[in-house]
Structure formats: structure tokens, C-alpha cells
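Understanding the architecture of this molecule
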Amino acid sequence: MMMIRQAAKKALGLTSRQSTPCSVGIFRSYHENVIDHYDNPRNVGSFDKNDPTVGTGLVGAPACGDVMKLQIKVDEKTGQIVDARFKTFGCGSAIASSSVATEWVKGKAMEEVLTIKNTEIAKHLSLPPVKLHCSMLAEDAIKAAVKDYKEKRVKTGGV
Amino acid sequence: MASKAIFSTLRRSLTKPHGGAVSRRHHLSTTSAATASEPYPGDEHAIVMKGVRISGRPLYLDMQSTTPLDPRVFDAMNASSIYDYGNPHSRTHLYGWEAENAVEVARIQVAKLIGASPKEIVFLSGATEANNTVVKGVMHFYKDKKRHVITTQTEHKCVLDSCRHLQQEGFEVTYLPVRTDGLVDLEMLREAIRPDTGLVSVMAVNNEIGVVQPMEEIGRICKEHKIPFHTDAAQAIGKIPVDVEKWNVSFMSMSGHKIYGPKGVGAMYVRRRPRVRLEPLMNGGGQERGLRSGTLATQQVVGFGVACELAMKEMEYDEKWIKRLQERLLNGVREKLDGVVVNGSLESRYAGNLNLSFAYVEGESLLMGLKEVAVSSGSACTSASLEPSYVLRALGVDEDMAHTSIRFGIGRFTTEEEIDKAVELTVKQVEKLREMSPLYEMVKEGIDIKNIQWSQH
């Protein structure tokens with residue numbers, strides 16, 4: 001009897017000192033891919049807007065809390081995207097979505113990147129439903145960049 | 001035989017490793033992160049929670065959401081929990097009398113802090129309950145003659161929600177707008193008063209932006225028109241001098257866990273001369289002058305009382321210390337960064353609340369980077385939804401700036417190293433995010449962002 005009570009007291013003693021760690025101040029959990037892209041963003045930066053091989057897509061609005069600028073450098077002869085850069089004003093999911101977008105467009109043909117769907121980006125980052133619009137914006141940014149490049153080519157009289 | 005087997009299984013289960021919980025015991029100090037350097041791989045003291053990995057515990061700079069328990073309060077509560085276990089409302093034996101004594105001592109301590117009589121203090125579960133009781137209780141009592149309530153747009157959610165509830169019942173509510181510095185416009189208050197106004201409710205210190213409202217002037221206006229004046233003073237007591245006579249308040253809500261006291265306890269000041277009536281929210285045995293039935297949690301009340309007494313003694317010292325740390329934080333950040341905006345009046349402000357906006361940087365991404373500092377973006381009440389803070393919107397802050405606010409809460413136990421480390425981390429994250437921000441790039445090139453046609457989808 002006494003030993004059980006002692007053991008129970010020890011159990012109570014242990015559990016009272018087991019402090020639960022405090023929340024780190026964010027209210028939902030981020031997938032580690034999102035955090036990885038945030039801590040080590042790939043391809044942050046800018047190309048020269050006036051370079052004829054560069055297409056720039058600027059989407060979103062500050063009032064909505066999300067602005068993405070995606071730039072692609074295209075090889076004129078082959079039509080392949082050789083490099084990409086991004087800059088984003090937005091939450092962690094928005095930054096990660098645009099970072100993923102720059103990774104996925106590199107080395108692909110322009111027509112191919114137009115088929116990248118926001119659902120694929122969202123799946124890769126395990127975005128919760130409230131953050132799906134970030135992946136949509138990334139898809140829009142890719143399309144806008146390609147469109148801008150094509151318009152530039154038309155102006156300079158290219159293909 | 002059987003007991004030996006039971007004991008051995010118990011022993012085995014008790015000595016099973018609890019997955020890092022034991023090691024966490026040694027890291028209760030918030031200054032551990034201040035002195036920790038870069039986390040190295042294989043750090044067995046790293047905490048991984050919600051997908052985030054940090055080494056050591058974050059710095060606690062969120063004093064407006066809650067405060068740590070002052071060790072002296074804990075001592076008093078501990079002793080009271082063990083010894084004062086009687087029901088304070090039991091009239092017939094020593095246990096009840098001792099518990100009642102402890103409660104009455106606490107009542108005097110709370111009353112002294114606000115300049116009231118102990119007979120005017122009612123204990124309940126917190127400021128939210130007090131706000132609900134006053135707003136709904138007063139209007140329900142006078143519902144035949146008084147149908148109108150005046151409050152501000154920057155009140156705490158519990159007051160706003162109680163008012164919305166009253167609106168559904170058929171009362172009318174005026175939500176006064178505030179100026180860009182967060183203060184109420186007294187002329188607008190005067191104009192809003194009607195013959196059937198039953199209550200004016202204005203919080204003394206705002207929990208999000210920390211501005212101190214002109215309480216004496218508002219009290220004077222209410223006295224002129226003979227309207228009961230209620231104030232949510234949860235963030236004010238023990239921090240700025242509070243006097244119910246000078247402010248002419250009829251009702252005041254107070255909270256324990258904002259002044260280094262326990263959670264789950266608060267108090268309501270209900271004026272006796274001139275008498276104001278209200279309908280109780282909790283019906284029952286008629287405890288607390290019939291205004292809040294239910295057995296009091298003696299140790300919580302004792303803790304609250306001790307916290308109030310300590311706050312009264314240390315208010316001046318705390319104010320000097322916190323003001324010093326606030327200046328250190330603000331100057332430290334302003335030295336290294338431009339585009340830092342302080343939300344709310346800097347003059348009429350409680351020093352321990354510093355709400356900053358960093359231009360061209362989004363708040364949630366900044367919070368994600370500030371994982372070694374426990375701060376809040378706006379208020380905890382709105383953090384569950386995605387709205388930009390309604391308080392900032394009421395200040396007239398631009399939509400994109402409303403998304404970028406960070407609230408630093410400085411308190412009695414904050415150290416200079418914590419502030420310095422917070423400044424360092426904040427500056428680093430803001431610079432990193434500005435590098436990534438297309439808006440900052442545009443501003444640096446000289447483009448005016450406000451003139452761009454954004455393509456919204």
C-alpha cells in the first residue's frame with residue numbers, strides 16, 4: 001500500500017515538473033519544405049528588366065498582402081528557360097511557393113512551364129487550404145513572366 | 001507478492017525516458033536563447049515543435065498576452081493552496097473563516113491599488129467575464145429606459161462581441177472611431193451621447209498598441225451627463241496610476257495574469273456611491289454581493305491580491321526600467337533600419353507595449369523568421385483568423401502596413417540582453433526579407449508604389 005502511494009507520488013512529482021514547451025508564436029504548423037525555402041531561399045534576386053532575354057511577371061497587390069515578381073532568362077535559340085529569379089512580399093507560404101516556382105522552371109521549355117499547376121506546388125509544400133492562393137499566385141507569376149517575354153520578342157521583331 | 005509486481009511495473013513506467021522533457025526542465029530561463037549562439041547540428045536540447053526547430057527557448061517578449069508568475073505571488077499561492085482549502089463561504093467553522101480571511105485580505109490589496117473601497121470589489125474569473133457582466137448586466141438592468149451604448153472601435157474583442165450580442169437583442173451601439181494616434185476624439189464622444197445612453201465603455205490602455213486614453217476627461221464628460229462609465233483596465237492596473245475617483249469610473253475590469261498574477265482570476269469594481277446596478281451573469285447562492293455567485297478559488301484570489309500589492313509597491317521602479325528598455329529597443333532598431341513606424345501615439349503610451357510596423361515586409365513572414373523571439377503580430381484574439389488587426393485598421397493604417405505589425409511586450413523581468421538579442425534578430429530578419437521584397441526594390445529604384453496598377457486575381 002505504502003509503496004504504491006510512494007510510487008504514485010513520484011509519478012505525480014515527475015508529471016508536475018514536465019513543463020510543456022511554449023508555442024513559438026505561430027498559430028499553425030508549417031511543412032518543413034516551406035521552412036526550408038524560407039530559411040534557404042533559392043534564386044532570390046533580379047535580372048535587368050530591359051534585357052531582351054528576360055521576361056518579368058509581377059502579380060498580386062500589397063493590399064492583399066502578397067506580391068510576387070518572377071523573372072525568367074530565356075535562351076533565344078532553343079526557347080528554354082536557363083535561369084530564374086524571384087522576389088516576394090508575402091507570408092512564408094508565398095515565399096516558398098515562388099521559390100519552388102523558380103526551381104521548377106529552370107531548364108524547361110516555355111510551353112512546358114505553362115502547364116505547371118498550382119495544385120502541384122501546393123502538394124509539394126503541403127499547403128493548408130487557407131494558403132492555396134499563394135500557389136495560385138505563383139502559377140500566375142510564371143504565366144505572366146512567359147507572356148512578358150513573348151511580348152518583348154514580338155516588339156523586337158523576333159519569333 | 002501482487003504489490004511487488006505492481007510496484008515494479010510502476011517503477012519501469014516511471015523511469016522510462018520522457019523524450020526530452022527532463023532536459024527541458026533545465027531550460028526554463030528565457031535568457032538562454034539570448035546567450036545561445038548559432039544552433040549546431042545534433043543539438044539534443046533543440047526543441048522541434050510545429051515544424052520549427054529552435055535551440056533553447058525563445059525570448060519572451062509578449063507581455064500583453066500574458067505575464068509570467070512573479071515568484072513571490074507563487075509562494076503566497078502555494079501556501080494558500082495547501083492551507084486555505086476551506087470554502088470561503090462556509091460560515092460555520094474555522095476552515096471557512098480562514099479562507100474568507102485570506103480572500104478579504106486580497107480584496108483590500110486590490111482595492112488599494114485602484115483607490116477604491118474593498119466593499120466595491122467583486123472577484124471573478126477574469127477581465128473577459130468582468131467585461132461581459134458589466135456590458136450585458138448594466139444594459140439588461142436598465143433595458144426599459146436605456147437602449148444605447150457607446151464604445152470605441154479599438155476595444156478588446158470581448159467588449160465588442162458583448163456589444164454585438166446586445167445589438168442582436170435590439171439595443172443600439174455606437175462604435176466611436178479613433179484618431180490616427182489611437183486616442184478617442186472627445187468631441188465625437190460628446191456628440192454621440194443621447195438621452196437613452198446607458199453605458200460608455202472605453203479601455204484605459206489598449207492591449208495591441210498600448211495607447212493610454214484620456215480617462216479623466218472622459219470621466220468628466222460622463223459625470224456631466226450622468227452616464228455610467230466602464231473601463232477595461234486589464235492592461236492598466238499596476239502599470240499606470242489608476243484612481244477610480246479621479247477617473248470617475250463606475251465599473252472597472254481587472255485581470256490577474258496581466259500583472260504577474262495567476263490566470264483564471266480577475267476582479268470587477270462596482271461603484272457604491274452613487275449606486276449603479278447591474279444584473280448578474282452568474283446566478284446561484286448570492287456570493288460576492290449577489291453579483292457573481294459561485295465558490296471563490298481562494299488561492300487564485302490570494303495570488304491576485306499579492307500581485308496587486310507588489311504592483312503598487314514596484315510601479316515606479318518598473319516604469320523606469322521598462323521605459324529604459326523600450327528606448328533601447330526602439331533606438332536599436334531605428335539605428336539599423338529605416339521605414340520603421342510606431343503604431344499609436346508615442347507620448348500617451350504605456351512604455352511596455354511597442355507596436356512596430358516595418359515597411360515592405362510582411363508580418364507573418366517576419367514572425368516566421370523571428371522564431372527565437374516570442375512576440376505577437378497584433379493581438380492574440382485575432383491571431384486565429386487571417387484578418388489584419390482591426391485595431392490597426394481603426395487607426396487608419398494602410399492595408400499593406402496593417403499586415404506588417406509586430407508587438408513587442410516588455411515587462412518587469414525583461415533583461416537588457418534579451419532586448420539586445422531581440423534587436424539583433426529583428427534587424428537581421430527584416431533586412432533579409434527586404435532583400436526578398438519586390439516593393440523595397442521598387443522603392444529603391446524610385447518608383448512610387450501607390451501609383452502602380454496591381455493585377456489582382
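Note that this is a predicted model, so its numbers are computed, not measured. (Residues numbered from 1 in each chain as written. Chains lettered and ligands numbered in written order. Predicted model: local features only at pLDDT ≥ 70, side-chain atom pairs only at ≥ 80, totals over all residues. Heavy atoms only, no water.)

Some details on the confidence of the model for chain B
Residue and element names in this part refer to chain B. The condition is simple: Every residue carries a pLDDT, the predictor's confidence in it, which falls somewhere between 0 and 100. Note on contacts: a residue pair qualifies if any of its non-hydrogen atoms lie within 4.5 Å across the two residues.
Within chain B, residue pLDDT values average 87, and 86% of them lie at 70 or more. With pLDDT under 50 throughout, residues 17-29 is counted as low confidence; its partners more than four residues away or in other chains account for twelve contacts. Considering only residues more than four positions removed or in separate chains, one finds that residues 31-40, a stretch of pLDDT under 50, has 17 contacts. Here the complex is predicted with pTM 0.81, and the ipTM for its interfaces comes to 0.75.

A closer look at the environment of V149(B)
Residues and elements named next belong to chain B. Using the following cut-off: A run of H or I in DSSP counts as a helix once it spans at least four residues, and a run of E counts as a strand once it spans at least two, with each numbered from the N terminus.
If you trace the backbone, V149 turns up in strand β5 (residues 148-152). For the pair V149 and E172, spaced 23 residues apart in the sequence, the C-alpha separation amounts to 6.4 Å. Beyond its immediate stretch of four places on either side in the chain, V149 contacts M139, C163, L166, E172, V173, T174 and L199.

What to know about the sheet that holds strand β4 (residues 121-124) of chain B
Residues and elements named next belong to chain B. To keep things clear, this is the line we draw: Think of it this way: DSSP has to see at least two bridges between two strands before they count as a pair. Between N-to-C directions, angles cover 0 to 180 degrees, with each direction set by a line fitted to C-alpha atoms, over the stretch in contact for helices.
The sheet built from seven strands is open, its strands ordered β4-β10-β9-β8-β7-β5-β6 with mixed pairing. Across the chains shown, the open sheet's two edge strands, defined by having one partner strand only, are β4 and β6 (172-176). Sheet twist, expressed as the mean angle between neighbouring strand axes with direction ignored, is 20°. As defined by bridge partners, strand β7 (residues 197-201) adjoins strand β8 (residues 229-232) across two bridges and the pair is classed as parallel.

Regarding empty space enclosed by the protein
Empty space among the atoms becomes apparent when a probe as large as a water molecule is rolled across them. Residues and elements named next belong to chain B. Rule in force here: Cavities and pockets were defined on a 1 Å grid built over protein atoms only: a cavity is a set of grid points that admits a 1.4 Å probe from which the probe cannot escape, a pocket is an open set flanked by protein on both sides within 12 Å along at least five of seven lines, and lining residues are those with an atom within 4 Å of any such point. Grid points are joined across faces, edges and corners, and a volume is the space filled by probe spheres set on the points. Residues are grouped as follows: nonpolar covers Ala, Val, Leu, Ile, Met, Phe, Trp, Tyr, Cys and Pro; charged covers Asp, Glu, Lys and Arg; every other residue, Gly included, is treated as polar.
On inspection of all chains with the given rule, the structure shows six cavities of 30 Å³ or more. The space that makes up the largest cavity amounts to roughly 90 Å³. Every residue lining the largest cavity is listed: G238, K239, K258, I259, Y260, A311, M315, D318, E319, I322, Y350 and R412. Here the lining of the largest cavity is composed, by residue class, of six nonpolar, one polar and five charged.

Some words on the packing of aromatic side chains
For any pair of aromatic rings, geometry is given as the distance between the ring centres together with the angle between the planes. Residues and elements named next belong to chain B. Worth spelling out the cut-off: Centre distance within 6.5 Å is the pairing criterion for rings of Phe, Tyr and Trp, where only the six-membered ring of Trp is used; planes under 30 degrees apart are then read as stacked, over 60 as edge-to-face, and the remainder as tilted. Exposure classes here rest on a 1.4 Å probe applied to the protein chains alone. A residue is buried below 20% of its type maximum, exposed above 50%, and partly exposed in between.
Across all of its chains, the model carries five aromatic pairs over all chains by this definition. Here Y260 and F413 contribute two aromatic rings whose centre-to-centre distance is 5.4 Å and whose plane-to-plane angle is 85°, an arrangement assigned as edge-to-face. With a gap of 153 residues between them, Y260 in the loop between β9 (251-255) and β10 (266-270) and F413 in the loop between β14 (405-409) and α15 (416-435) connect regions that are remote in the sequence. You can call Y260 buried: its relative accessible area is 5%. On the basis of relative accessibility, which here comes to 35%, the residue F413 falls in the partly exposed class. Considering the side-chain rings of Y360 and Y440, the 5.7 Å spacing of their centres and the 45° angle between planes classify their relative orientation as tilted.

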